[in-house]
Amino acid sequence: ENRNIPEEEGMDHSLKLLKEGYQFILNRRYTMESNIFETKLLGETAICLTGSKMAELFYDTEKFKREGAAPKPVQKTLFGEGGVQGLDGEAHRHRKAMFMQVMKPDDLQTIRRLFAERWQKHVRVWEQQDEMQFYKNVKTVLFEAACEWTGVPLEEDTEARAEQISEMFETPAHIGLRHLKGWKARSDAEKWMISYVEQVRNGELDHVAGTPLEAFSLHRDHNGEQLEAETAAVELLNLIRPITAISVYAAFTALALHEYPGEASKLDSDDARERFVQEVRRYYPFFPFTAARVRKDFTWEGHTFKEDTLTLLDLYGTNHHPEEWENPGLFRPSRFEGWQGTPFQFIPQGGGEFDFGHRCAGEWMTVELLKEIVYQLHEHLSYDLPDQKLSFSLTEIPAIPESGIILKNVQPV
Ligand code: HEM
């Protein structure tokens, strides 16, 4: 039996994607009553998938590839060119291993400690200030910890560099000037990082032994060749950029502590903090979807998938899918108590496997740093949240609380 994939009428829905943001796929799932449908985006047919069953299909590397999947605007800002996100097969497995090598439990504890030390230093500044914007400030703390952990020397003006790095994740879904800012930020940041790769290769940098900067600069690809300096720089930015981007979840963590005081009052153990940050990652939006292309023609449950068709997996929608979650619209950390999920259900940072698939290399690090952030915010800081615009829009990608979370009367506890 050949069943057609439900199809959205019309020529192109790219503008609707920009307008509907995180809810683009979710809205169509409702109206078409299907976890799989076709639409037209950026001038081509795109298959959209949502829910854990579809996620499992999407992460089958026999059926889907990443080559040519990321749209140009995303490569020019968020990802960079030649990085792990666009690789397949053996080339991907080998490059991904380079990332997973620096994500061992000791590495995670090291960055957590470096972050906590930097945070203490910044608290001494924050307590002198009348008010501070938490999102912007935590970006700088995360960026400094990222550099220190990676082995990249800290510059004088870390705030300006942290802003440049965040342009890369704040601008991919914008058009016009805002997007061009992201382009320029990437090109400047790559130049900055290439210079360190070259210094490592020329033996001109001290204190890099055992760091990711050294490992990535000297890494040899599956065919035994050293990476182009540009590619090594793209991959180092694939550490520093997303570590800085944890600031988005940090802002949502502060928001959740404020919006759900009942849940905040339960934060008395590392396990409780872990459930809280897992729920932050499920509940609040960050990555809307991820993209692949059909590797070769195949048929699945009667549906025909044609080679090279762009395919989007709804990350936000799967984390809010009523077939996957009880009361998905409620913020309820207790849902993660003894949680027995599959690798395809809870997918804020992608699903499937780390080593053989494209699941986020930094997922454990994200959870570890968020646990430290919720611990510091909740146990070791007192502050007031003055009246401000705390709302965020599901049509802005990435969504960030409008005020950036202004804190007043910050004091260490
Ligand atoms: C991939 C989200 C933090 C490094 C991804 C993917 C998503 C994601 C959605 C793509 C999954 C896919 O296409 O199947 C996030 C979010 C983060 C975060 C929301 C929160 C800030 C991090 C951190 C690091 C990191 C802290 C590194 C220190 C990577 C890398 C990939 C990736 C290297 C590419 C993996 C591959 O292609 O095999 N991330 N990430 N991410 N992430 Fe993250």
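Structure first, text after, so check above.
Calculation rules
- Residues numbered from 1 in each chain as written.
- Predicted model: local features only at pLDDT ≥ 70, side-chain atom pairs only at ≥ 80, totals over all residues.
- Heavy atoms only, no water.
- Helix = DSSP H or I, 4+ residues; strand = E, 2+ residues; numbered from the N terminus.
- Rg over C-alpha atoms; globule rule 2.2 N^0.38 Å.
- Buried < 20%, exposed > 50% of the residue type's maximum accessible area, 1.4 Å probe, protein only.
- Disulfide = S-S within 2.5 Å.
- Salt bridge = Lys/Arg side-chain N within 4 Å of Asp/Glu carboxyl O.
- Phe/Tyr/Trp six-rings, centres within 6.5 Å; stacked < 30°, edge-to-face > 60°.
- Pairing = 2+ DSSP bridges.
- Expected span 1.5 Å × (residues − 1).
- Donors = N, O, S within 2.8 Å, 3.2 Å for Na, K, Ca; no water.
- Near = heavy atom within 4 Å.
- Polar contact = N/O pair within 3.5 Å; in protein donor to acceptor, adjacent residues only side chain to side chain.
- Nonpolar A, V, L, I, M, F, W, Y, C, P; charged D, E, K, R; others polar.
- Axes fitted to C-alpha atoms, helices over the stretch in contact; angles between N-to-C directions.
- Contact = heavy atoms within 4.5 Å.

Concerning the overall build of the protein
A tally of regular secondary structure across the protein gives 15 helices and 10 strands. Expected size for 413 residues packed as a compact globule is a radius of gyration near 22 Å; at 21 Å, the protein falls within 12% of this value. Considered along the principal axes of its C-alpha atoms, the protein spans approximately 70 × 55 × 45 Å. For the protein, the residues scored as buried account for 56% of the 413 residues in total.

Topic: the state of the cysteines
Linking two cysteines covalently through their sulfur atoms gives a disulfide. With the rule as written, the count across this model stands at zero disulfides. You can see Cys 147 has no disulfide; the closest cysteine sulfur is in Cys 360, sitting 18 Å from it. Judged by its relative accessible area of 1%, Cys 147 falls in the buried class.

Some points on the pattern of salt bridges
With the rule as written, the count across this model stands at 40 salt bridges. Taking the shortest distance from any N to any O, the salt bridge between Glu 167 and Lys 181 comes out at 3.4 Å. With Glu 167 in helix α8 (residues 158-170) and Lys 181 in helix α9 (residues 177-201), this pair connects stretches of sequence that are 14 residues apart. Taking the relative accessible area as the measure of exposure, Glu 167 reaches 10% and is therefore buried. Residue Lys 181 is classed as partly exposed on the basis of its relative accessible area, which comes to 48%.

What about the packing of aromatic side chains?
Evaluation of the coordinates by the stated rule reveals 31 aromatic pairs. Both rings, one in Phe 58 and one in Tyr 59, keep their centres 5.1 Å apart while their planes meet at 80°; by these two values the pair is edge-to-face. Taken as a pair, Phe 58 and Tyr 59 share a single burial class, namely buried. With a centroid separation of 4.6 Å and 45° between ring planes, the pair formed by Phe 354 and Trp 364 is classed as tilted. Residue Phe 354 is found in the loop between α14 (315-319) and α15 (363-379), and its partner Trp 364 is found in helix α15; the two are separated by 10 residues along the sequence.

Some thoughts on the pairing of strand β5 (residues 289-294)
Burial analysis of β5 places five of its six residues in the buried class, which makes it a mostly covered element. Pairing of strand β3 (residues 64-65) with β5 involves two bridges; the strand directions are antiparallel. Each bridged residue has a counterpart across the sheet, and for Lys 65 the counterpart in β5 is Arg 293. Where β5 and strand β8 (residues 310-314) come together, five bridges link them in antiparallel fashion. Bridge pairing in β8 places Phe 289 opposite Asp 314.

Some points on α15
The end-to-end C-alpha separation of α15 is 24 Å, in line with the 24 Å expected for 17 residues at 1.5 Å each. Within α15, 13 of the 17 residues are buried, which leaves it mostly tucked inside the rest of the structure.

Concerning the coordination of the iron atom of the ligand
Here the protein supplies the iron atom of the ligand with just one donor, Cys 360 (SG), and that contact is 2.3 Å long. One can find Cys 360 in the loop between α14 and α15.

Focus on the site of the ligand
The immediate surroundings of the ligand are formed by 30 residues, with Tyr 59, His 92, Thr 290, His 358 and Cys 360 found nearest. Separating an oxygen atom of the ligand from a side-chain N or O atom of Tyr 59 is a distance of 2.5 Å. At 2.6 Å, a side-chain N or O of His 358 approaches an oxygen atom of the ligand. Where the shell around the ligand is concerned, the elements lending two or more residues are α5 (89-100), α11 (229-259) and α15. Sort the elements by how many residues they give to the shell around the ligand and α11 lands first, with seven residues. A breakdown of the residues in the shell around the ligand according to their chemical character gives 17 nonpolar, 10 polar and three charged.

Looking at unusual backbone geometry
At the junction of Ile 397 and Pro 398, the peptide bond is cis and its omega measures out at -5° in the coordinates. As for its position among the elements, Pro 398 is in the loop between β9 (381-384) and β10 (406-412). We note that Leu 42 has phi near 45°; this positive angle belongs to a residue other than glycine. By the secondary structure assignment, Leu 42 is in the loop between β1 (36-41) and β2 (44-49).

Looking at the sheet that holds strand β4 (residues 131-133)
The strand order across the open sheet built from three strands is β4-β10-β9, with neighbouring strands paired in antiparallel fashion. The open sheet has two edge strands, β4 and β9, and neither has a second partner. The average undirected angle you get between the axes of adjacent strands in this sheet is 50°.

Here's the deal with the environment of Thr 45
Residue position: Thr 45 is located in strand β2. Remark: the alpha-carbon pair of Thr 45 and Gln 411, spanning 366 residues in sequence, is separated by 54 Å. Sequence-distant contacts of Thr 45, defined by excluding residues within four places in its chain, comprise Glu 38, Thr 39, Lys 40, Thr 309 and Leu 310.

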